[in-house]
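Summary of the model geometry
So the chains spell out like this:
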Amino acid sequence: MSSTFVGMPAFPEAARNAVADPTLRGNLRHATHTIRAKRAGAVAELSDWAELREAGRRIKDHTLRHLDRYLEQLEASVTAAGGTVHWAADADEANRIVTRLVKETGESEVVKVKSMATQEIGLNEALEAEGIRAYETDLAELIVQLGKDRPSHILVPAIHRNRGEIRDIFAHEMAAWGRPAPANLTDTPADLAEAARLHLREKFLRARVGVSGANFMVAETGTLVVVESEGNGRMCLTLPRTLISVVGIEKIVPTWRDLEVFLQTLPRSSTAERMNPYTSTWTGTTDEDGPRTFHLVLLDNGRTDALADQVGRQALRCIRCSACLNVCPVYERAGGHAYGSVYPGPIGAVLTPQLRGTTSEIDASLPYASSLCGACYEVCPVAIDIPEVLVHLRERVVQGGPAVRQGNKVVLRPAKGHAAERAAMRAAAWAFGHPGALRAGQRLASRSRRLHPRTLPGPGRAWSGTRDLPTPPAEPFRDWWQRTRGGKDAK
Ligand code: SF4
């Protein structure tokens, strides 16, 4: 299996393949149902959950509205605390910056904290191409990396794997990356965790460079925050001499007071915990404590385009809790790989087409990867109305025409029925604006009802081929109303 999403088919084809895999379906059903039930219990414990959710929404909206100001404040705070800020417009620029920074240290390996931003830009592959090896240290990311696999969930990237599969991956692949798995490795969670712990510990102790993302950045002090459950993040953030953090520009919160809201909603929404086991915060550098050098790479990569979209920008509120994935009936059956991006599930269906555009076949298919049931909106701790954004993006895809492959290129082709649909809508608008003509047309339709065809001619055939055309009534509604209501006209 390829370890990147490059060349993935559009969602319908990828999903069709995924739902035919009973092991995958079983793994996903078990995992998502377990997490979603625990989350519901953790959220129900808080009597002020609705207020926290609303506060989170407001803080994020306010920050996004004044993002330029808060980014400048953050840059000044990080610089004053001894860090260096770099600005990356896209994935290539971010990868070039990180590669250069690692090379300047003279090292050829880095340890990584789980980070969606670095996956989004393909940092591991970019480093590999320059002879630098990146070691994932989050347990699930380690499973994905050793298995030459792709992540399929924001929080639990190896959710599609069961214990037996993980045991096999450890037994066969660990030796190629460092300390091998114990010879008698079983598939019990304690044994698997111990094998990972021993394998990773030598990397933590050897590493001179750490690479991370961040869940939040506090503008007022220039503090970065990583929340995690395993302690691997704490190791990567404190032991290496150089720390490089790649963070999306939307991860800012103005103050520590604002951070308090998300430190309550994120753990309950993601892992159903009351608080995170490890919450690491760092502000620049401190003599004789933690990394001596700190670089912050602020990543745009399509975020300012999303910010310019009045409906779509709400996706930038996302705190990557993954609650929407765990309740989504489409994700539960199709799995994460079908979304062709490191952002799967409902949030991926609205975020990826905004970050990458809708010009490729797969990105244009993502807004349709939903039943619009609204479960994602109900659980989202920052109240992103994902169904609203999905419908909005479908409109954008249709107006742009479908993306089609021509040889090696994907091009936008104007939708065939589009001009006809617009003409029909214009005709309908005219008729509804001229009651006399509408009445005459309705009477004509009623009187000629036996002559109406069952299918439409020309481009309309595609529409009527899958629908029954309604038969006009023998008497138009307005005439019936006049006849039975004593001559009062129907409004
Ligand atoms: S969209 Fe909402 S529910 Fe989904 S991952 Fe983001 S914050 Fe969580």
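Below is a summary of the structure that appears in this document. (Residues numbered from 1 in each chain as written. Predicted model: local features only at pLDDT ≥ 70, side-chain atom pairs only at ≥ 80, totals over all residues. Heavy atoms only, no water.)

Some words on the overall build of the protein chain
Per the secondary structure count, the protein chain includes 23 helices and 12 strands. Structurally, the protein chain occupies a C-alpha span of about 90 × 50 × 50 Å along its principal axes. Relative to its 491 residues, the protein chain shows a buried fraction of 50%. Taking all contacts inside the protein chain whose residues are at least 6 apart in sequence as the whole, residues at least 24 apart take part in 73%. (Helix = DSSP H or I, 4+ residues; strand = E, 2+ residues; numbered from the N terminus. Buried < 20%, exposed > 50% of the residue type's maximum accessible area, 1.4 Å probe, protein only. Contact = heavy atoms within 4.5 Å.)

Quick word on the sheet that holds strand β2 (residues 109–112)
Strands in a sheet are paired, the pairing made by backbone hydrogen bonds, and the direction either parallel or antiparallel. Read from one edge of the open sheet, six strands run β1-β10-β7-β4-β2-β3, paired in parallel fashion. Of all the strands in the sheet, just β1 (84–88) and β3 (133–136) have a single pairing partner and so form its edges. Adjacent strand axes in the sheet meet at a mean angle of 25°, parallel and antiparallel pairs treated alike. Bridge count between strand β7 (residues 242–248) and strand β10 (residues 293–299): seven bridges; the pairing is parallel. Paired with V246 across the bridge in β10 is V297. (Pairing = 2+ DSSP bridges. Axes fitted to C-alpha atoms, helices over the stretch in contact; angles between N-to-C directions.)

Side note on the site of the ligand
Within the structure, the ligand sits among C318, I319, R320, C321, S322, C324, I347, C380, P381, V382, I384 and I386. Looking at the shell around the ligand, its residues break down into 10 nonpolar, one polar and one charged. (Near = heavy atom within 4 Å. Nonpolar A, V, L, I, M, F, W, Y, C, P; charged D, E, K, R; others polar.)

Focus: the nonpolar core
Across soluble globular proteins, nonpolar side chains have a tendency to be buried as a group. One finds F11, F170, L296 and I347 to be the most contacted residues of the largest nonpolar core, which totals 105 residues. By size, the runner-up hydrophobic cluster in this structure holds 20 residues, among which are A117, I121, L127 and I132. (Core = buried A, V, L, I, M, F, W, Y, C linked by side-chain atoms within 4.5 Å.)

Details of the packing of helix α2 (residues 22–44) against helix α12 (residues 256–270)
Following both chains from N to C, one finds α2 and α12 inclined at 145°, their axes separated by 7 Å at the closest point. On the side of α2, the interface is formed by I35, R39, A42 and V43, while α12 contributes R268, S269 and S270. In terms of residue class, the contact of α2 with α12 is made up of three nonpolar, two polar and two charged.

Structural notes on the packing of helix α3 (residues 49–65) against α12
Between α3 and α12, the shortest axis-to-axis distance is 10 Å and the interhelical angle comes to 120°. For the element pair α3 / α12, the angle class is oblique. The interaxial crossing formed by α3 with α12 has left-handed handedness. Residues W49, L52, A55, G56, I59 and K60 of α3 touch α12, and the partners they reach there are D258, V261, F262, Q264, T265, R268 and S269. (Parallel < 35°, antiparallel > 145°, perpendicular 65-115°, else oblique. Left-handed = near helix turned anticlockwise from the far one by under 90°.)

Section: the state of the cysteines
Evaluated as defined, the whole model comprises zero disulfides. Cysteine C373 is unpaired, with the sulfur of C376 as its nearest cysteine sulfur at 6.2 Å. (Disulfide = S-S within 2.5 Å.)

Details of helix α5 (residues 91–105)
When the terminal C-alpha atoms of α5 are compared, their 22 Å separation across 15 residues agrees well with the 21 Å that a helix rising 1.5 Å per residue should span. All buried positions along α5 are accounted for by A91, A94, N95, I97, V98, T99, L101 and V102. For α5, the capping residue at the N-terminal end is D90, with a side-chain oxygen 3.4 Å from the backbone nitrogen of D92. Backbone geometry just downstream of α5 places G106 in the positive-phi region, at approximately 80°. (Expected span 1.5 Å × (residues − 1). Polar contact = N/O pair within 3.5 Å; in protein donor to acceptor, adjacent residues only side chain to side chain.)

Description of the pairing of β10
The buried count for β10 comes to six of seven residues, which makes it a mostly enclosed element. Sheet topology note: the β1/β10 ladder contains five bridges and is parallel. Opposite W87, over in β10, you have L298 as the bridge partner.

A word on unusual backbone geometry
Unlike most non-glycine residues, K148 shows phi in positive territory, near 45°. Within the element layout of this structure, K148 appears in the loop between α8 (139–146) and α9 (163–177). On the basis of relative accessibility, which here comes to 47%, the residue K148 falls in the partly exposed class. A positive phi is found at A272, a non-glycine position, where the angle reads about 65°. Within the secondary structure layout, A272 lies in the loop between α12 and β9 (278–283).

Considerations on the packing of aromatic side chains
One pass over the structure, following the stated rule, counts eight aromatic pairs. Of the aromatic side chains, those joined through ring pairs into one cluster are F11, Y331 and Y339. Residue placement shows R133 over the ring face of W177; its charged tip is 4.0 Å from the ring centre. If you follow R485 out to its NZ or CZ, it ends over the ring of W481, 4.8 Å from the centre. (Phe/Tyr/Trp six-rings, centres within 6.5 Å; stacked < 30°, edge-to-face > 60°. Lys NZ or Arg CZ within 6 Å of the ring centre and 35° of its normal.)

Observations concerning the pattern of salt bridges
Under the counting rule described, the total for this entry stands at 27 salt bridges. For E173, the salt bridge identified is with K148, shortest N-O distance 3.3 Å. With E173 in helix α9 and K148 in the loop between α8 and α9, the pair connects residues that are 25 residues apart, well separated along the chain. When its relative accessible area of 23% is taken as the criterion, E173 is described as partly exposed. Linking D168 and R167 is a salt bridge whose minimum nitrogen-to-oxygen distance equals 3.1 Å. Look at R167 and you get partly exposed, because its relative accessible area is 25%. A network of salt bridges, in which partner residues are shared, links E54, R57, R58, D61 and R317. (Salt bridge = Lys/Arg side-chain N within 4 Å of Asp/Glu carboxyl O.)

As for the environment of N27
Of note, N27 is situated in helix α2. Spatially, the C-alpha atom of N27 lies 9.6 Å from that of G335, the residues being 308 residues apart in sequence. Leave out the neighbours within four places in its chain, and N27 touches I159, H160, R161, N162 and E165. Among the polar contacts listed, one links the side chain of N27 to the backbone oxygen of H160, at a separation of 2.8 Å.

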